[in-house]
Amino acid sequence: MARRALITGITGQDGSYLAEHLLEQGYEVWGLARGQANPRVSRMRKLLADVQVVRGDLLDQGSLISAVERVQPDEVYNLGAISFVPMSWEQAELTAEVTGMGVLRMLEAIRVCSGVSRGGSASGQIRFYQASSSEMFGQVSETPQNERTAFHPRSPYGVAKAYGHFLTQNYRESYGMFAVSGILFNHESPRRGAEFVTRKVSLGVARIKLGLANELRLGNLEARRDWGFAGDYVKAMHLMLQAATPEDYVIGTGRMKSVRELVEAAFSAAGLDWEQYVVTDQTLHRPAEVDLLCADPKKARAQLGWEPKVSFDELVAMMVEADLHLLRDGGDPHDDSSWP
């Protein structure tokens, strides 16, 4: 009998790649959505025709219990969140409710449906994956960052993610649940939302190359991140839930690149000189900036056998090429049905 997985955030970048990977592994995959009439669900079905949809909302405890009871999953991947960091200052309360409290509601749904009590055992239970974030490190105390590095989040998003991370640990320790967190560093793809800096850059380059724009406005070019390919990172999520014991893992490449280097690579992939087109705009800076993030993925490498496959330059070239193709065909960057 096929193993069954339930994914929140199924309509996002990570949810789509994870669903594809699990389907390839022979899973029966269900996606949580707030309503069957959700336009993103209908667009997703063009890409993921074999995914079944169950109604549920991370803001509604009862709906999550009903969803878990209906699906009876072996594994739950909680990827749902208000994930665009700059927006978390504008919608701090909603970010806390979805990105933070949503973790509590899903953990409670699993606990209730599994009949787990304090001091229980992880054996035979629903296995739970929480999508934690490198934004929890924020103002870093050491570089690179590993599973023991202290958190100092610098945004409402990072604070909410830290809450969900500690809560996952707490349920593991209090109830013996097989609950793990993957502390994922920046992971990108042609399916990344147009509001994120990597996709903003790849789209901007494509527009300039095709004569649809003559400049690209960006904020802090000196911020440094550990960027990898989302398709590689979802495989680490799956591996975490196949381990013998529930543990948390840092997932990243271990290499930092600045936004400036991202820009250089993207324009180079299109045969353009970035300095002729990029304009820095102070209004695009965050209220509290995270200057650098770099993963130390040694534990994941040693215990899970996980390694990223796609290099930084390959990732950037992939995104630029995908956006050139999209715009040449008259596609809409905000329409998920155009995902490659």
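For the structure given in this document, a descriptive report is provided here. (Residues numbered from 1 in each chain as written. Predicted model: local features only at pLDDT ≥ 70, side-chain atom pairs only at ≥ 80, totals over all residues. Heavy atoms only, no water.)

Considerations on the pairing of strand 1 (residues 4-8)
Within strand 1, five of the five residues are buried, which leaves the element mostly enclosed by the surrounding structure. Across the two faces of strand 1 the burial is the same, with Arg 4, Leu 6 and Thr 8 and Ala 5 and Ile 7 all buried. In this sheet, strand 2 (residues 28-33) lies alongside strand 1 in parallel orientation, the contact comprising four bridges. Paired with Ala 5 across the strands is Val 29, a residue of strand 2. For the handedness criterion, the β-α-β arrangement of strand 1, helix 1 (residues 13-24) and strand 2 is classed as right-handed. Where strand 1 and strand 4 (residues 75-78) come together, four bridges link them in parallel fashion. Bridge pairing links Ala 5 to Glu 75 in strand 4. (Buried < 20%, exposed > 50% of the residue type's maximum accessible area, 1.4 Å probe, protein only. Helix = DSSP H or I, 4+ residues; strand = E, 2+ residues; numbered from the N terminus. Pairing = 2+ DSSP bridges. Right-handed = clockwise from strand over helix to strand, strands pointing away.)

Brief notes about the packing of helix 7 (residues 197-209) against helix 11 (residues 312-328)
For the pair helix 7 and helix 11, the least separation of the axes is 8 Å and the interaxial angle reads 50°. When the axes of helix 7 and helix 11 are compared, the pair comes out oblique. Here helix 7 and helix 11 pass one another in a crossing that is right-handed. Residue-level contacts link Thr 198, Arg 199, Ser 202, Leu 203, Val 205, Ala 206, Arg 207 and Lys 209 of helix 7 to Met 319, Val 320, Asp 323, Leu 324, Leu 326 and Leu 327 of helix 11. Residues of the contact of helix 7 with helix 11, tallied by class, amount to eight nonpolar, two polar and four charged. (Axes fitted to C-alpha atoms, helices over the stretch in contact; angles between N-to-C directions. Parallel < 35°, antiparallel > 145°, perpendicular 65-115°, else oblique. Left-handed = near helix turned anticlockwise from the far one by under 90°. Contact = heavy atoms within 4.5 Å. Nonpolar A, V, L, I, M, F, W, Y, C, P; charged D, E, K, R; others polar.)

Overview of the packing of aromatic side chains
The final tally for this structure, using the stated rule, is nine aromatic pairs. Relative to Phe 166, the ring of Phe 151 has its centre 5.5 Å away and its plane inclined at 55°; by these criteria the two rings are tilted. Of this pair, Phe 151 sits in the loop between strand 5 (127-133) and helix 6 (156-175) while Phe 166 sits in helix 6, placing them 15 residues apart in sequence. Between Tyr 233 and Trp 306, the ring centres sit 5.4 Å apart and the planes meet at 90°, which makes this aromatic pair edge-to-face. With Tyr 233 in helix 8 (residues 230-240) and Trp 306 in the loop between helix 10 (298-304) and helix 11, the pair connects residues that are 73 residues apart, well separated along the chain. (Phe/Tyr/Trp six-rings, centres within 6.5 Å; stacked < 30°, edge-to-face > 60°.)

Notes on the environment of Arg 34
Assignment of secondary structure puts Arg 34 in the loop between strand 2 and helix 2 (39-47). Separated by 25 residues in sequence, Arg 34 and Leu 59 have C-alpha atoms that sit 9.7 Å apart. Ignoring anything within four residues of it in the chain, the contact list for Arg 34 reads Arg 55, Gly 56 and Asp 57.

Here we look at the side chain of Arg 172
Following the sequence through the fold, Arg 172 ends up in helix 6. There is a polar contact of 2.9 Å between the side chain of Arg 172 and the side chain of Asp 248. When residues no more than four places from it in sequence are discounted, the contact partners of Arg 172 are Met 177, Ala 179, Val 180, Pro 246, Glu 247 and Asp 248. (Polar contact = N/O pair within 3.5 Å; in protein donor to acceptor, adjacent residues only side chain to side chain.)

With respect to the pattern of salt bridges
Within this structure, the stated rule accounts for 13 salt bridges. Glu 20 is paired through a salt bridge with Arg 191; the nearest N and O atoms lie 3.0 Å apart. Taken together, the residues span a long stretch of sequence, with Glu 20 in helix 1 and Arg 191 in the loop between strand 7 (187-188) and helix 7 at a distance of 171 residues. Arg 105 is paired through a salt bridge with Glu 97; the nearest N and O atoms lie 2.5 Å apart. Arg 105 gets classed as buried once you look at its relative accessible area, which sits at 12%. (Salt bridge = Lys/Arg side-chain N within 4 Å of Asp/Glu carboxyl O.)

Some details on the packing of helix 3 (residues 61-71) against helix 5 (residues 92-114)
Axis angle and axis distance: for two packed helices, these are the angle between their axes and the distance between the axes, and together they describe the pair. At a minimum axis distance of 9 Å, the contact between helix 3 and helix 5 shows a crossing angle of 45°. One element, helix 3, and the other, helix 5, form an angle in the oblique class. The way helix 3 lies across helix 5 gives a crossing that is right-handed. Between helix 3, through Gln 61, Leu 64, Ile 65, Val 68 and Glu 69, and helix 5, the contact on the second element is made entirely by Arg 105, Met 106, Glu 108, Ala 109 and Cys 113. Classifying every residue of the contact of helix 3 with helix 5 gives six nonpolar, one polar and three charged.

Some remarks on the sheet that holds strand 6 (residues 179-184)
Strand pairing in a sheet takes place through backbone hydrogen bonds and is either antiparallel or parallel in direction. With respect to topology, seven strands assemble into an open sheet ordered 3-2-1-4-5-6-11, the strand pairing being parallel. The open sheet has two edge strands with one neighbour each: strand 3 (52-55) and strand 11 (249-251). Between one strand axis and the next, the sheet turns through 25° on average, direction left out of account. With four bridges connecting them, strand 4 and strand 5 associate as parallel partners. Bridging across to strand 5, Glu 75 finds its partner in Arg 127. Across the sheet, helix 3 lies against strand 1, strand 2 and strand 3, angled at about 145° from strand 3, the strand it touches most. The strands touched by helix 8 within the sheet are strand 4, strand 5, strand 6 and strand 11, with strand 6 carrying the most contacts at an inclination of about 160°.

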